[in-house]
Amino acid sequence: MKKTINKKAAIILALETSCDETSAAVIVGGRKILSNIISSQIPLHRKFGGVVPEIASRKHIENVIPVVDEALKSAGVTLLDIDAIGVTYGPGLVGALLVGVAAAKALAFAADVPLIGVNHLEGHMFANFLAQPELEPPFAALVVSGGHTSLIHVKDYNDFALLGQTRDDAAGEAFDKIARVMGLPYPGGPEIDKLAKSGNKEAIEFPRALAVQGSFEFSFSGLKSAVLNYLNSAKLRGETVNNADVAASFQKAVTDVLTNKALDATEFCQVKQLVLAGGVAANSALKAALAAECSKKGIKLFYPEPVLCTDNAAMIGCRAYYQYMAGKVSDLYLNAVPSVKLGSSF
Ligand code: KG4
Ligand code: ZN
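About the cut-offs
Residues numbered from 1 in each chain as written. Chains lettered and ligands numbered in written order. Predicted model: local features only at pLDDT ≥ 70, side-chain atom pairs only at ≥ 80, totals over all residues. Heavy atoms only, no water. Helix = DSSP H or I, 4+ residues; strand = E, 2+ residues; numbered from the N terminus. Rg over C-alpha atoms; globule rule 2.2 N^0.38 Å. Buried < 20%, exposed > 50% of the residue type's maximum accessible area, 1.4 Å probe, protein only. Contact = heavy atoms within 4.5 Å. Areas by Shrake-Rupley, 256 points an atom, 1.4 Å probe, with all protein chains shown as cover. Lys, Arg positive; Asp, Glu negative; His and termini not counted. Charge placed at Lys NZ, Arg CZ, Asp CG, Glu CD. Expected span 1.5 Å × (residues − 1). Pairing = 2+ DSSP bridges. Axes fitted to C-alpha atoms, helices over the stretch in contact; angles between N-to-C directions. Near = heavy atom within 4 Å. Polar contact = N/O pair within 3.5 Å; in protein donor to acceptor, adjacent residues only side chain to side chain. 1 Å grid on protein atoms, 1.4 Å probe; cavity = no way out; pocket = protein on both sides within 12 Å on 5 of 7 lines; lining within 4 Å. Sits in = over half its atoms within 2 Å of the grid points. Nonpolar A, V, L, I, M, F, W, Y, C, P; charged D, E, K, R; others polar. Domains from an automatic or database assignment. Buried area = accessible area lost by both parts, 1.4 Å probe. Salt bridge = Lys/Arg side-chain N within 4 Å of Asp/Glu carboxyl O.

Caption draft 1: Representation of the overall build of the chain. Within the chain one finds 11 helices and 10 strands. A compact globule built from 346 residues would reach a C-alpha radius of gyration of about 20 Å, and the chain, at 20 Å, matches this within 12%. By principal-axis analysis of the C-alpha atoms, the chain measures approximately 75 × 45 × 30 Å. Buried residues in the chain amount to 52% of all 346 residues. Taking contacts inside the chain between residues at least 6 apart in sequence as the whole, the part at least 24 apart equals 74%. Summed over its atoms, the accessible surface of the chain is roughly 14,800 Å², and 55% of this surface lies on carbon and sulfur atoms. The positive charge centre, built from 33 side chains, and the negative charge centre, built from 33, are 1 Å apart in the chain.

Caption draft 2: Region of interest: helix H3 (residues 94-111). Here H3 is 18 residues long and its end C-alpha atoms lie 25 Å apart, about the 26 Å a rise of 1.5 Å per residue gives. What H3 keeps buried is the set Ala 96, Leu 97, Val 99, Gly 100, Val 101, Ala 103, Ala 104, Leu 107 and Ala 108. Lining the buried residues of H3 we find strand E1 (11-16), helix H2 (53-75), strand E4 (84-90) and strand E5 (115-119). Two residues or fewer after H3 comes Asp 112, characterised by a positive phi angle close to 55°.

Caption draft 3: Structural view of the sheet that holds strand E9 (residues 273-277). Within the open sheet, the five strands sit side by side as E8-E7-E6-E9-E10. Their pairing is mixed. The sheet terminates laterally at strand E8 (159-165) and strand E10 (300-302), the two strands that pair on one side only. Here the strands of the sheet are splayed against their neighbours by 20° on average, with no regard to which way each runs. Helix-sheet contacts for helix H9 (residues 284-297) involve strand E6 (139-144), E9 and E10, and the interaxial angle to E9 is about 175°.

Caption draft 4: Main features of the sheet that holds strand E3 (residues 32-40). The five strands lie next to each other as E3-E2-E1-E4-E5, forming an open sheet whose pairing is mixed. Each edge of the open sheet carries a strand with a single partner, namely E3 and E5. Across the sheet, the mean angle from the axis of one strand to that of its neighbour is 20°, orientation sign disregarded. Of the pairings in the sheet, the one linking strand E2 (residues 21-28) to E3 comprises eight bridges and is antiparallel in character. The partner of Thr 22 across the bridge, within E3, is Ser 39. Packing against the sheet, H3 makes contact with E1, E4 and E5, and its axis sits at approximately 160° to E4.

Caption draft 5: Representation of the site of ligand 1 in the model. Close to ligand 1 lie 20 residues, the nearest being Gly 146, Asp 176, Gly 189, Asp 193 and Asn 283. One of the backbone N or O atoms of Gly 147 is found 3.3 Å from an oxygen atom in ligand 1. Asn 283 is positioned with one of its side-chain polar atoms (N or O) 3.0 Å from a nitrogen atom of ligand 1. A total of 560 Å² of accessible area belongs to ligand 1 in isolation, and the protein chains cover 89% of it. Counting atoms within 2 Å of the grid points, the majority share of ligand 1 lands in the largest pocket. Among the elements of the structure, helix H4 (120-131), helix H5 (171-181) and helix H6 (188-196) are those that each provide at least two residues to the shell around ligand 1. Taken together, the residues of the shell around ligand 1 break down into six nonpolar, 11 polar and three charged. Looking at the shell around ligand 1, you find at least three residues from each of domain 1 (7-126 + 309-325) and domain 2 (137-303).

Caption draft 6: Seen up close, the domain arrangement of the chain. Assigned domains of the chain: these are domain 1 (7-126 + 309-325) and domain 2 (137-303). The interface of domain 1 with domain 2 comprises 19 residues on the first partner and 19 residues on the second. Here domain 1 and domain 2 share an interface that buries about 1,600 Å² over both sides, 70% of which is from carbon and sulfur atoms. The three residues of domain 1 that bury the most area against domain 2 are Leu 121, Met 125 and Cys 309, which together make up 37% of that side's buried surface. Inspection of the domain 1/domain 2 interface yields zero salt bridges. At the junction of domain 1 with domain 2, the criterion picks out eight residue pairs in polar contact (both at pLDDT 80 or more).

Caption draft 7: Up close: the pairing of E2. Most of E2 is tucked away, with seven of its eight residues classed as buried. Pairing geometry for E1 and E2, over six bridges, is antiparallel. What sits directly across from Ile 12, in E2, is Ile 27. Where E1 folds back on E2, the antiparallel hairpin that results is connected by four residues.

Given below as C-alpha cells:
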C-alpha cells in the first residue's frame with residue numbers, strides 16, 4: 001500500500017558523485033540535514049596533482065552503496081521512509097556522474113519513489129538554505145568552484161537567470177594550477193588561502209581581467225599566466241621568490257574581481273542579499289572582502305560553513321526538495337549531462 005505523503009515534510013535521499021567526492025545525504029523538509037556522508041577521494045588524486053576522471057569513476061562505483069547505507073543508517077531511516085531521491089546529473093565528469101545517476105535510478109525504482117535530477121551549480125547555491133533558516137529569494141549568487149565561476153540572479157526557488165560566467169578558467173582551477181607550480185598539494189585553494197595569510201597582498205601587481213562595470217563575465221587564464229610567468233622568470237634569473245607574497249597578491253587579484261562584480265550584480269538585480277557558494281566560498285580573504293563591501297552597501301551576505309561549500313549531497317537534497325515541491329521530477333530515462341545549463345531542469 002502506498003504511504004500518505006506530507007510533501008512539506010518530505011524526506012529526500014540525495015546522491016552526489018560529480019567529481020571526487022562520493023556523498024549521500026538525508027534531508028527532511030528541505031532544510032534539515034539528518035545525515036551528510038562525504039567520502040573524499042582527495043588523497044587518491046593528490047599524487048597526480050589533480051582529479052583523474054577514470055580513477056574517480058571507479059572509486060565512486062566502490063563507494064556509492066556503502067555511502068548510501070551509512071547516510072540512511074546515521075539518519076535513523078530506511079529506504080522505506082524515503083519520499084524521493086535526488087541526484088546530481090550535471091555538470092561534472094561524465095563517468096563520475098553516471099555512477100550516481102545509475103545508483104539513484106536503481107534506488108528510486110526499488111523504493112518506488114520519484115527521481116529528481118539536480119544541477120550541481122544550483123545545489124551549491126542551495127547549500128545556503130541549509131545553513132541559513134531566514135534566507136529566502138530573491139538574491140544574487142556568486143558560485144565559485146573548481147569548475148565554475150558564475151553570477152546568477154535567483155528570483156525564486158525555481159526561477160534563475162545567469163548574469164555571466166567565466167570565459168576560460170574557473171577561479172578554483174586558477175588556485176589549483178598556481179598551487180601546483182608552487183609545489184603545494186592538491187587541492188591548492190586551501191593551501192594558497194593558508195600561505196597568503198603570512199604574505200603581503202600588495203607586493204606584486206597582477207592583472208584584473210574584464211574589470212569593467214556592468215560586465216558579469218570573468219577571465220582568470222591571463223592572471224594564471226601572469227603568475228606562472230612571474231614564477232618562471234624568477235627561476236630563470238636564479239632569484240628567490242617569496243611564495244607567501246605571490247599567494248597573497250594572486251588571491252587579492254581574484255578576490256578584487258569577484259567582490260566588485262558580485263556587488264555590481266546586487267545593484268543590477270536590485271536585491272539586498274548576496275549568496276556565496278562553491279568550494280572557493282571557503283576562502284577566508286574572499287569572505288572578508290565581501291563582508292566589508294556588503295556592510296558598506298547595506299547588503300546582507302550569506303555563505304555556508306566550509307563543509308557545505310565543497311561538494312556534498314546535502315545541498316543536492318535541498319535543491320531536490322524545492323524541485324519536488326514544484327512537481328519537477330525526472331523519470332528513469334534521466335542521463336548524465338556533463339555540461340548541463342543552469343535552470344534547464346525547468
Ligand atoms: O565546489 P568544489 O568542491 O568542486 C567543484 O564543483 O569544482 O570546489 C573545489 C574547488 C577547488 O578548486 C579548491 O581548490 C577550491 O574549491 N577551494 C578553495 C578553498 N577551499 C576549496 N579555494 C580557495 N580557498 C579555499 N579556502
Ligand atoms: Zn562543486
